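Fold and geometry: a report
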Amino acid sequence: MNIQLVTPKFTQQWMQKDRVSAQPYRSNYSCNLAGDTVSFSGKAKMMQQATNTISDVIEAKVEREKERMSRIATTYLDALESIANALKDDGISFDRAYCELNPVKSPKSYTSKIVRSGSFKVPDAIRATLYSKNPYDLSILNDKILPEMQKRGYILAQTDVRHEELLKRGYLTPPGGNLKTAMVYELPDLDIRLEDARDSIEYLAPELRYSISKPQKSGYEDIQMRFVREFDKKKNPVQHELIILFGPNYAKAKHIESEKVYSNLRNFGELHMKFDDQTLGSHSQKAARYIDLIKEMFVGKVSKKLFLNAKNKDLYDIQEEIPIKFSEDDKNLFNTYFAGLQDRLRSCYAEQKKNAKPSELALKELMNNQRHDRTLLNKIQEGLSEAIEYFNYRTGIKETKS
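A brief report on the enclosed structure follows. (Residues numbered from 1 in each chain as written. Predicted model: local features only at pLDDT ≥ 70, side-chain atom pairs only at ≥ 80, totals over all residues. Heavy atoms only, no water.)

1. Here's the deal with the pairing of strand β9 (residues 240–245)
Burial runs high along β9: six of the six residues are buried. Burial along β9 is two-sided: H240, L242 and I244 and E241, I243 and L245, pointing in opposite directions, are all buried. The pairing of strand β2 (residues 126–132) with β9 spans six bridges and is classified as parallel. Note on β9: the bridge partner recorded for A128 is L242. The sheet contact formed by strand β8 (residues 222–229) and β9 spans five bridges and is antiparallel. Paired with I223 across the bridge in β9 is I244. (Buried < 20%, exposed > 50% of the residue type's maximum accessible area, 1.4 Å probe, protein only. Helix = DSSP H or I, 4+ residues; strand = E, 2+ residues; numbered from the N terminus. Pairing = 2+ DSSP bridges.)

Listed below in structure tokens is the structure:
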């Protein structure tokens, strides 16, 4: 297969690909809701009430399904453990204790993901991890892991991939024969997020050669896939997520980075104020820039180093670590960024109040939104401040329990 690659511009169309509609999705934890996604638009109070009501329904349903899902997860872990034993000589290993910590997504985590994404599709309700000494050797995935999974009744799920996403990944030639609707393709649910993985693309079966993307901006690398049981013919079968990592140090780094950095940075997406006005010099544009600077600070000073240190340990057996430290100047800059962000947020709300409809309800809504956003920014700043102190006083991945 001749697959041409490009490096396209990041388009507005791509940014909008996951925008939500008003139709909820009937998931494995069916809530008697029709459709695929949900919108929480409307007045602030109504939006919060709707969110709370939906969250309560989902959480109750997930709680009722927990025992059944736990049994399914146990069977899944049994299969992965047997595969790791069979592929031990190929560098595959499995930490049963690690995977049993959270094999089934909790009701609160399940609901939180729906609210953040605006979609009722939660493809990692059941999840597990395998370690590979060399995940860059894609022949192990193609010729060993996937066939072993199929022997045990697990096949790759199918997922819809928009043409814009394929362009973003770098593919110019579209896949043939699996066009689902206009500009939407049905492909195996596999995402190879590894550095220079295309160097090994010839080791993949033709139907998997559109599954290579890129590492995350944080430097995080993995292979991510979702399986369904071959016998499960339901419209929405239970999906089983599998993550392949370099090893236990990388898994520990993933846990630390998620808890200390990502969990705080993602809360910027919960702000009611959406800094859409990108006019140069506008309050909105400057606020968005402050958020970018804060994210870049923690990605550069923490995330990338954390994942690089862990990768060096697991893949190359290099134990020395790049130090992760925040100087006093870094701390001062961090506080300056947040002070500037809070100031621009006030200015953005002042502009909205000035242009708002002359009604008590509209003004009250803006006041509630502003209070929410100010409190949320304080929470984010506090969480990241704690992360700074944590990394300044820790001495290595090995000394931190996952």
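2. With respect to the packing of helix α7 (residues 248–265) against helix α8 (residues 283–316)
Closest axis-to-axis distance for the α7/α8 pair is 8 Å, and the angle between their directions is 170 degrees. With respect to their mutual orientation, α7 and α8 come out roughly antiparallel. In contact with P248, N249, Y250, A253, K254, I256, E257, V261 and L265 of α7, α8 contributes I294, K295, F298, V302, S303, L306, F307, A310, K311, K313 and D314. Its residues assigned to classes, the contact of α7 with α8 shows twelve nonpolar, two polar and six charged. (Axes fitted to C-alpha atoms, helices over the stretch in contact; angles between N-to-C directions. Parallel < 35°, antiparallel > 145°, perpendicular 65-115°, else oblique. Contact = heavy atoms within 4.5 Å. Nonpolar A, V, L, I, M, F, W, Y, C, P; charged D, E, K, R; others polar.)

3. Side note on the pattern of salt bridges
Summed over all chains, the structure comprises 22 salt bridges. Between R71 and E67 there is a salt bridge whose closest N-O contact spans 3.6 Å. Residue R71 and its partner E67 are located together in helix α2 (residues 44–86), separated by four residues, close to a single helical turn. Overlapping salt bridges bring together D78, E81, R96 and E100 as one network. (Salt bridge = Lys/Arg side-chain N within 4 Å of Asp/Glu carboxyl O.)

4. Observations concerning the side chain of S213
With respect to the secondary-structure elements, S213 resides in the loop between β7 (190–193) and β8. Relative accessible area serves as the criterion here: at 12%, S213 is assigned to the buried category. Among the polar contacts listed, one links the side chain of S213 to the side chain of D191, at a separation of 2.4 Å. Ignoring any residue separated from it by four or fewer positions in sequence, one finds S213 in contact with R169, D191, I192, R193, L194 and R198. (Polar contact = N/O pair within 3.5 Å; in protein donor to acceptor, adjacent residues only side chain to side chain.)

5. Topic: the sheet that holds strand β5 (residues 179–181)
Pairing within the open sheet is antiparallel, and its three strands lie in the order β4-β6-β5. Looking along the sheet, the strands with just one partner apiece sit at the ends: β4 (158–162) and β5. The sheet shows a mean angle of 45 degrees between the axes of neighbouring strands, taken without regard to direction. Bridge count between β4 and strand β6 (residues 184–188): five bridges; the pairing is antiparallel. Paired with T159 across the two strands is L187, which belongs to β6.

6. Things to note about the packing of aromatic side chains
Applying the stated criterion across every chain yields a total of 13 aromatic pairs. On the basis of an interplanar angle of 25 degrees and a centroid distance of 6.3 Å, the ring pair of F268 and F338 is categorised as stacked. Remark: F338 occurs in helix α9 (residues 328–355) and F268 occurs in the loop between α7 and α8; sequence separation between them is 70 residues. Assigned by exposure class, F268 and F338 land together as buried. When the centroid spacing of 5.4 Å and the interplanar angle of 40 degrees are considered together, the rings of F298 and F326 count as tilted. In this pair, F298 is assigned in helix α8 and F326 in the loop between α8 and α9, connecting sequence segments 28 residues apart. Each member of the pair, F298 as well as F326, carries the same accessibility label: buried. The positively charged end of R198 is found above the aromatic ring belonging to Y171, 5.0 Å away from the centroid. Geometry around Y390 places K260 over its ring, the cationic atom sitting 4.5 Å from the centre. (Phe/Tyr/Trp six-rings, centres within 6.5 Å; stacked < 30°, edge-to-face > 60°. Lys NZ or Arg CZ within 6 Å of the ring centre and 35° of its normal.)

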